[in-house]
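# A closer look at the structure
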Amino acid sequence: MPNRILIVYNPSSGRKRAQAPWRRLLRLLPDFACSSLNIRTERKVLRLMLSQCDIAVAVGGDGTVREVIQELADLREKIPLAILPTGSGNVLARSLHLPWSPRVLARLIRNGTSVSIDLARLDTGEYFAAACALGYLSERVGATNQRMKRLFGFAGYLWSFFLRHRLPQYRFSVRAGNREYEETGHSVFIVNASNLFGVHSRNVESLHDGLFELTVAKNKSLFSFPRLVHDFYFKRKAPARFSLLRGNDFSVRCSESLPLVLDGETFQSRKKIRLNVLPGAQRIIVAKVY
């Protein structure tokens, strides 16, 4: 049985501090050789410590999980990852039906059941597992400060949206495989995991089918967002508010430089992104294989 576990925690993640959950998890695994790392203060040694473990555990939100996955992918070693979600969105954890309890997670780690999920890699070297956004959505996510997220969780993002209720319109040039499109909208998002509101989108397929879904959101009013969300989650046929493409190789060019968000983490603004899907690139410890 693997016995070296590294618990990577984010002390500022989500509505409550993450120290208590990771400490409880540590106490629940006395038969493992466990070490811990604060990703905010010890980030420089993350890769080295990951290279010396058999199982990695991320305690935090989607951004924390993405940072750990980035280092695991760069190591090119299939070290399984367990996730204890404490963030505001936790899209990947919700999509995989992962537990929020340290006690249940400790049991899963002992059982050792895992599933391989797809990752996407940008040509600039960044990886993500759940979602990528470019445009109005990424701008508002980046504008939401940590205090709002800690106080209100996901509702903190919604407040940020209402602070800028006029939706800008951009011209996007999208390529998926050998197909090219021109679309006008306020945002592009590329997703592999979609469970943000307790349900899976009917337009997003499996986390391990080798495909991601690209959507251009075209609604022009903030007040039409509920219809857009409803249609994206429950309608199979793409309505007028968004367009949908599936593929494993995307490039997007925008009419102006826009912030980029990968799994909740904000990156420098850019006018162009290109990515490839890496099938089954990361193993995640789960309760049930879907």
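To be clear, the structure that these remarks concern was listed above.
Anyway, here's the lowdown on the structure attached to this text. Every value quoted in this text rests on a predicted model; they were computed, and no experiment measured them.

Each helix and strand in the protein chain was counted, giving 9 helices and 14 strands. For the protein chain, the residues scored as buried account for 55% of the 290 residues in total. Taking the intrachain contacts of the protein chain between residues at least 6 apart in sequence as the baseline, contacts between residues at least 24 apart amount to 75%. When the accessible surface of the protein chain is summed, it comes to about 13100 Å², and 51% of that surface belongs to carbon and sulfur atoms.

Before going further, it helps to spend a moment on helix H5 (residues 102-111). Restricting attention to buried positions, one finds in H5 the residues Pro102, Leu105, Ala106, Leu108 and Ile109. For H5, the buried positions fall inside an angular range of 160 degrees around the axis, keeping them on one side. Of the exposed residues in H5, those oriented more than 90 degrees away from the buried face are Arg103 and Asn111. With a side-chain oxygen positioned 3.2 Å from the backbone nitrogen of arginine 103, the residue opening H5 is serine 101.

This part takes up empty space enclosed by the protein. In the structure shown here, the tally under the stated rule is 1 cavity of 30 Å³ or more. Taken as a whole, the largest cavity holds about 30 Å³ of empty space. What lines the largest cavity is Gly60, Gly61, Asp62, Val65, Ile83, Pro85, Asn90, Leu92 and Ala93. Broken down by secondary-structure element, the contributors of at least two residues to the lining of the largest cavity are helix H3 (62-75), strand S4 (81-85) and helix H4 (91-95). Residues of the lining of the largest cavity, tallied by class, amount to 5 nonpolar, 3 polar and 1 charged.

Moving on to unusual backbone geometry. Positive phi outside glycine occurs at asparagine 90, with the angle close to 55 degrees. Within the secondary structure, asparagine 90 sits in the loop between S4 and H4. The buried category is assigned to asparagine 90, whose relative accessible area is 2%. Of note, the phi angle at aspartate 263 is positive, near 50 degrees, even though the residue is not glycine. Among the structural elements, aspartate 263 can be located in the loop between strand S13 (249-262) and strand S14 (265-285).

In this structure, Leu50, Leu81, Leu92 and Leu96 are the most contacted members of the largest nonpolar core, which totals 33 residues. Listed by contribution, the elements that provide at least two residues to this core are strand S1 (4-9), helix H2 (46-50), strand S3 (55-60), H3, S4, H4 and strand S5 (114-122). No other element matches H3, which puts 6 residues into this core. Ranked by size, the runner-up nonpolar core spans 25 residues in total, among them Phe172, Val216, Phe250 and Val252.

Let's shift gears to the pattern of salt bridges. Taken as a whole, this structure holds 15 salt bridges when the rule is applied. The shortest N-O distance in the salt bridge between arginine 246 and glutamate 213 comes to 3.2 Å. A residue pair is termed long-range when its members are at least 10 positions apart, and arginine 246 in strand S12 (residues 242-247) and glutamate 213 in strand S11 (residues 212-217) qualify at 33 residues. A relative accessible area of 0% places glutamate 213 in the buried class. Several salt bridges converge on common partners, so that one network encompasses Arg40, Arg43, Arg47, Glu67, Glu71 and Asp74.

This paragraph deals with the environment of leucine 108. Within the secondary structure, leucine 108 is located in helix H5. Judged by relative accessible area, which is 7%, leucine 108 ranks as buried. Separated by 179 residues in the primary sequence, leucine 108 and alanine 287 place their C-alpha atoms 6.2 Å from one another. In this structure, leucine 108 is in contact with Pro99, Thr113, Ile285, Val286 and Ala287, ignoring residues within four places of it in sequence.

The way to describe two aromatic rings as a pair is by their centre distance and the angle between their planes. Counted according to the given criterion, the structure contains 6 aromatic pairs. Considering the side-chain rings of phenylalanine 128 and phenylalanine 212, the 5.7 Å spacing of their centres and the 80 degrees angle between planes classify their relative orientation as edge-to-face. Highlighted residues: phenylalanine 128 in strand S6 (residues 127-128) and phenylalanine 212 in strand S11, separated in sequence by 84 residues. Owing to a relative accessible area of 0%, phenylalanine 212 belongs among the buried residues under this scheme. Taken together through their ring pairs, the aromatic side chains of Phe189, Phe232, Tyr233 and Phe242 make up a single cluster.

Helix length check: H3, at 14 residues, gives a terminal C-alpha distance of 20 Å against a target of 20 Å (1.5 Å per residue), a fit within 8%. In the stretch just after H3, arginine 76 is the one whose phi turns positive, near 60 degrees.

Rules used throughout
- Each residue is numbered by its place in its chain's sequence as written, counting from 1.
- Whole-chain, interface and lining totals are the exception, using all residues; otherwise, since this is a predicted model, local features are given only for residues with pLDDT of at least 70 and side-chain atom pairs are given and counted only at 80 or more.
- Side-chain measures were taken over the full set of non-hydrogen atoms in the model, leaving aside hydrogen atoms and water.
- For helices the rule is a DSSP run of H or I covering at least 4 residues; for strands it is a run of E covering at least 2, with both sets numbered from the N terminus onward.
- Relative accessibility under 20% of the residue-type maximum defines a buried residue, over 50% an exposed one, and the middle range a partly exposed one, all with a 1.4 Å probe and only protein chains included.
- Here, residues are in contact when the closest pair of their heavy atoms is within 4.5 Å.
- Under the convention used here, a 1.4 Å probe and the Shrake-Rupley method define accessible areas, while residue burial counts only the protein chains that appear.
- Note: the arc covers the axis-to-C-beta directions of the helix.
- Think of a polar contact as two N or O atoms within 3.5 Å of one another; within protein, one of them needs to be a possible hydrogen donor and the other a possible acceptor, and neighboring residues in sequence only count if both atoms come from side chains.
- Grid points spaced at 1 Å over the protein atoms alone were grouped into cavities, where a 1.4 Å probe fits but cannot get out, and pockets, open sets with protein on both sides within 12 Å along at least five of seven lines, with lining residues defined by an atom within 4 Å of a point.
- Grid points are joined across faces, edges and corners, and a volume is the space filled by probe spheres set on the points.
- Three residue categories are used. Nonpolar comprises Ala, Val, Leu, Ile, Met, Phe, Trp, Tyr, Cys and Pro, charged comprises Asp, Glu, Lys and Arg, and polar comprises the others, including Gly.
- In this text, buried Ala, Val, Leu, Ile, Met, Phe, Trp, Tyr and Cys residues form a nonpolar core when linked through side-chain atoms within 4.5 Å.
- Any carboxyl oxygen of Asp or Glu within 4 Å of a side-chain nitrogen of Lys or Arg constitutes a salt bridge here.
- Aromatic pairing here means that ring centres of Phe, Tyr or Trp (its six-membered ring) are within 6.5 Å. Orientation follows from the plane angle: under 30 degrees is stacked, over 60 is edge-to-face, and everything else is tilted.
- An expected span of 1.5 Å times one less than the residue number is assigned to each helix.

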